[in-house]
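# Structure at a glance
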Amino acid sequence: VEIPAGVTVEIASRVIKVTGPRGSLTRDFKHMAMDLRQVDNSIRVDVWFANRKQLATVRTVVSHIDNMMVGVTRGFLYKMRFVYSHFPINVTLNGENVEIRNFLGEKRVRKIKLLDGVKYVRSADVKDQIELSGNDIAMVSLTAAQIQGQTNVRKKDLRKFLDGIYVSEKGPMPEE
């Protein structure tokens, strides 16, 4: 894995700390039997005498490290759109919680806690859209999944009731 400019990497017994202009991320890979070393300006991931499943973990670790480097340089952005046919979904930020009201006209208020390092922004230019951003792709995507999961339609025909909050766009933040 190549280390981009402006990013420093510290490796200590399969715990990787990646630091960049947006902050630092730490991830523990102790549950995988592999060797992580910093060679010149890259990270080397080695596995010896591995079976097929253990070999697959090499690519997974490389992807995780890549995502950490993108996170500390650019960050990640998930855009979510509200879809409703009759009852307008009302989404507000209350402290650390995202509150979903009037989903399918229900009185119940759905609350989702924003995970560490995730920022919530209501889009000004696009109606019925929220943006979740942060450095750690796992936290941003998990928050988006929890919001989408809270608007699951139960005991109705899913072909007809398409209401919900869905991820419309995801990826690294656009570079200014």
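The following refers to the structure shown. (Residues numbered from 1 in each chain as written. Predicted model: local features only at pLDDT ≥ 70, side-chain atom pairs only at ≥ 80, totals over all residues. Heavy atoms only, no water.)

Moving on to the sheet that holds strand β8 (residues 97-101). In spatial order, the strands read β7-β8-β9; together these three strands make up an open sheet with antiparallel pairing. With partners counted over all chains shown, the strands left at the sheet margins are β7 (90-94) and β9 (110-113), one partner each. This sheet shows a mean twist of 25° between the axes of neighbouring strands, independent of strand direction. Across four bridges, the pairing between β8 and β9 is antiparallel. Paired with I100 across the strands is R110, a residue of β9. (Pairing = 2+ DSSP bridges. Helix = DSSP H or I, 4+ residues; strand = E, 2+ residues; numbered from the N terminus. Axes fitted to C-alpha atoms, helices over the stretch in contact; angles between N-to-C directions.)

An ideal rise of 1.5 Å per residue puts 32 Å on 22 residues; helix α1 (residues 52-73) measures up with 33 Å between its terminal C-alpha atoms. Along α1, the residues that are buried comprise V58, V61, V62, I65, M68, M69, G71 and V72. Residues of α1 that are buried sit in contact with β1 (8-12), β2 (15-20), β3 (23-28), β4 (35-39), β5 (42-46) and β6 (76-83). Its side-chain oxygen 3.2 Å from the backbone nitrogen of K53, N51 forms the N-cap of α1. Phi turns positive, to about 90°, at G75, one or two residues after α1. (Expected span 1.5 Å × (residues − 1). Buried < 20%, exposed > 50% of the residue type's maximum accessible area, 1.4 Å probe, protein only. Contact = heavy atoms within 4.5 Å. Polar contact = N/O pair within 3.5 Å; in protein donor to acceptor, adjacent residues only side chain to side chain.)

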